[in-house]
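Analysis of the macromolecular model
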Amino acid sequence: VYARTVGDQELTFVVSGMLWQRSLVMMDSETESLWSHLLGRSMRGELVDTQLETLPALLTDWETWKRTHPETTVMLMRRTADGFTRDMYRDLRGFVAGMSDGENCKAWSFKDLESNPLINDTFGEQPIVVAFQKESATPFVFIRKLDGRSLSFAVKDAMIVDQQTESTWDMEFGVATGGELKGKKLQPVVAISSFSEAWKKFHPESEYWEPERK
Amino acid sequence: MNLFSIVIAVGIVSMLYSENLLAQQLPKFEPQTVIRKPFPAIVEPKHVTLKEADKVVHPKELVLGVEIEGDARAYPINMLTGPQREIINDKLGGQAIAATW
């Protein structure tokens, strides 16, 4: 999901009818520049090299989204497919959670996240926590810093706690549910659920999280 | 080792090396036209409440969820599929957004 305002201009995006690397090429109706769908960058035309801002979006199932966003509205149109359900994730090897900010680029394979559902990690300089919800194959990512202090998370008695204060956390919301930090919220960051192959192709420079060898 | 096998060996090594180099770079932008005419833009799509959507959207169906400035909206992936549906021009939380997957 992208912001479609560039400078003062609001753009309207359409499907151009072209493909690049088997991926969609978008066109804006205002300048007819061509844009890579996966990169959010203009590749040709008046706006070439312009980068669109990526907005926080989460690919998850309806059950999880409505539980975490009770005030949500929904865009409804006639269905054009019916295959996109949780069953798509039967083979987790085909998917990654990816983050890219122009400077840093990192991905976590769903397969690794399945066996390591709570990772204290860094992205660039930023300490982050990646929490993976297996049932819905959803990666929830937050900056694990609160009032200037870095937190690290672990599972204790089937609860997620931070090791600094042992407060308990709900990682769907990034909110502390008990203990000293109760009510505190972590800042969410955008991770994109993507096909592994597409991520590799469009982010050849990407770093990959690797489990520690034991 | 004769000259012939050296030439082959050098050839293979340089091929591997250049492939390796290429792998670090984004491929050149060479779009292929699949359909001649761009599809019409989707603007101002219809929105409904959670309660209404619940009658139509299955709990296990995938959605693309977006939240801006406290405004949340879900886009069911099964309604974003197919060339005429890939990009939805919408507004959320006071921002113009392109919902696309």
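A brief look at the structure comes next. Per chain, residues are indexed from 1 in the order of the written sequence. Think of it this way: whatever chain is written first is A, whatever ligand is written first is 1, and the rest follow in order. Reporting of local features is limited, given that this is a predicted model, to residues whose pLDDT is at least 70; pairs of side-chain atoms are given and counted only at 80 or more, and all residues count toward the totals for whole chains, interfaces and linings. Side-chain metrics rest on all non-hydrogen atoms present in the structure, leaving aside hydrogens and water.

1. Description of the overall build of chain A
Spelled out, the test is: Only runs of H or I of at least four residues qualify as helices and only runs of E of at least two qualify as strands under DSSP, and these elements are numbered from the N terminus. The globule rule is 2.2 Å times the number of residues to the power 0.38, and the radius of gyration it is compared with is taken over C-alpha atoms. Whether a residue is buried, partly exposed or exposed follows from its accessible area with a 1.4 Å probe, protein chains only, as a fraction of its type maximum: under 20%, in between, or over 50%, in that order. We call two residues in contact when some of their heavy atoms are within 4.5 Å. Areas reported here follow the Shrake-Rupley algorithm with a probe of radius 1.4 Å; residue values treat only the protein chains shown as occluding. Only four residue types enter the tally: Lys and Arg on the positive side, Asp and Glu on the negative side; His and the chain ends are excluded. In this description, the location of a charge corresponds to atom NZ of lysine, CZ of arginine, CG of aspartate or CD of glutamate.
Looking only at helices and strands, chain A features three helices and 23 strands. Taken over C-alpha atoms, the radius of gyration comes to 19 Å for chain A, in line with the 17 Å a tight globule of 214 residues would show. With the C-alpha coordinates of chain A rotated into their principal frame, the extents come out at 55 × 40 × 40 Å. For chain A, with 214 residues in total, the buried portion stands at 54%. Of all intrachain contacts in chain A linking residues separated by at least 6 positions in sequence, the fraction that spans at least 24 positions is 41%. Approximately 10,700 Å² of chain A is accessible, and the part contributed by carbon and sulfur atoms is 46%. Each charge sign in chain A was given a centre, from 25 positive and 33 negative side chains, and these centres are 6 Å apart.

2. Thoughts on the overall build of chain B
A count of helical and extended segments in chain B gives two helices and six strands. Listing each helix as α and each strand as β along chain B from the N terminus yields α-β-β-α-β-β-β-β. The buried share of chain B, reckoned over its 101 residues, is 38%. Sequence-distant contacts, at least 24 apart, represent 36% of the contacts inside chain B between residues at least 6 apart. With the model as given, the accessible surface of chain B reaches about 6,300 Å², and the carbon-plus-sulfur share is 60%.

3. Some points on the interface of chain B and chain A
Going by this rule: A simple way to read buried area is as the amount of 1.4 Å-probe accessible surface that goes missing from two parts once joined, with both sides added. Salt bridges are defined by distance alone: a side-chain nitrogen of Lys or Arg within 4 Å of a carboxyl oxygen of Asp or Glu. Identification of polar contacts relies on pairs of N or O atoms within 3.5 Å, with a donor-acceptor requirement for protein atoms, meaning one able to donate a hydrogen and the other able to accept it, and with residues adjacent in sequence counted only if both atoms are side-chain atoms. When residues are grouped by polarity, Ala, Val, Leu, Ile, Met, Phe, Trp, Tyr, Cys and Pro land in nonpolar, Asp, Glu, Lys and Arg in charged, and all others, Gly among them, in polar. Strands are labelled as partners when DSSP assigns at least two bridges between them.
Opposite the 66 residues of chain B that make contact, chain A presents 60 residues. Carbon and sulfur atoms make up 63% of the surface buried where chain B meets chain A, a total of about 5,900 Å² over both sides. Among the residues of chain B in contact with chain A, Phe-29, Leu-62 and Asn-78 of chain B are the three that bury the most area, contributing 13% of the side total. Linking chain B with chain A are four salt bridges. Between Lys-66 of chain A and Asp-54 of chain B there is a salt bridge, with its nearest N and O atoms 2.7 Å apart. Our count for the contact surface shared by chain B and chain A stands at 36 residue pairs in polar contact (both at pLDDT 80 or more). For the side of chain B that touches chain A, the secondary structure elements donating two or more residues are strand S1 (32–33), strand S2 (47–49), helix H2 (50–54), strand S3 (62–68), strand S4 (71–76), strand S5 (87–92) and strand S6 (95–100) of chain B. A total of seven residues in the side of chain B that touches chain A trace back to one element, the largest contributor, which is S3 of chain B. Partitioned by chemical class, the residues of the side of chain B that touches chain A number 40 nonpolar, 13 polar and 13 charged. Sheet topology note: the strand S9 (residues 73–75) of chain A/S2 of chain B ladder contains three bridges and is antiparallel. In the sheet register, Met-75 of chain A faces S2 of chain B, and the bridge partner there is His-47 of chain B.

4. Focus: the pattern of salt bridges
Residue and element names in this part refer to chain A. Per the stated rule, a full pass over the model turns up 18 salt bridges over all chains. The partner of Arg-86 in a salt bridge is Glu-63, with the nearest N and O atoms 3.2 Å apart. In this pair, Arg-86 is assigned in the loop between S9 and strand S10 (95–100) and Glu-63 in helix H1 (residues 62–68), connecting sequence segments 23 residues apart. Arg-86 gets classed as partly exposed once you look at its relative accessible area, which sits at 21%. Take Glu-63: its relative accessible area is 28%, and that puts it in the partly exposed class. A salt bridge links Glu-172 to Arg-67, with the nearest nitrogen and oxygen atoms 2.3 Å apart.

5. Things to note about the pairing of strand S17 (residues 153–156) of chain A
A regular strand carries its side chains on alternate faces of the sheet. All names here are of chain A. Note that S17 and strand S18 (residues 159–162) share four bridges and pair antiparallel. Counterpart to Phe-153 in the pairing with S18 is Asp-162. Taken together, S17 and the strand that follows it, S18, pair antiparallel across an intervening segment of two residues, in which Asp-157 is found at a positive phi of about 50 degrees.

6. Things to note about the sheet that holds strand S5 (residues 23–28) of chain A
Spatial strand order, S7(A)-S6(A)-S5(A)-S4(A)-S1(B): five strands in an open sheet with antiparallel pairing. In this open sheet, the two strands that pair with only one neighbour each are strand S7 (41–44) of chain A together with S1 of chain B. Pairing geometry for strand S6 (residues 34–36) of chain A and S7 of chain A, over three bridges, is antiparallel. Residue pairing for S7 of chain A: Ser-36 of chain A is matched across the bridge by Arg-41 of chain A.

7. Digging into the packing of aromatic side chains
To keep it simple, the criterion reads: We call Phe, Tyr and Trp rings a pair once their centres come within 6.5 Å, taking the six-membered ring for Trp, and we label the pair stacked below 30 degrees between planes, edge-to-face above 60, and tilted otherwise.
Taken as a whole, this structure holds eleven aromatic pairs over all chains when the rule is applied. Aromatic side chains Trp-20 of chain A and Phe-29 of chain B sit 5.2 Å apart centroid to centroid with 70 degrees between the ring planes, which places their arrangement in the edge-to-face category. Note that Trp-20 of chain A is positioned in strand S4 (residues 13–20) and Phe-29 of chain B in the loop between helix H1 (3–23) and S1, a pairing that runs across two chains. Between Tyr-89 of chain A and Phe-95 of chain A, the ring centres sit 4.8 Å apart and the planes meet at 65 degrees, which makes this aromatic pair edge-to-face. Grouped by ring-pair contacts, the aromatic residues Phe-84, Tyr-89, Phe-95, Phe-110, Phe-132 and Phe-195 of chain A together with Trp-101 of chain B constitute a single cluster.

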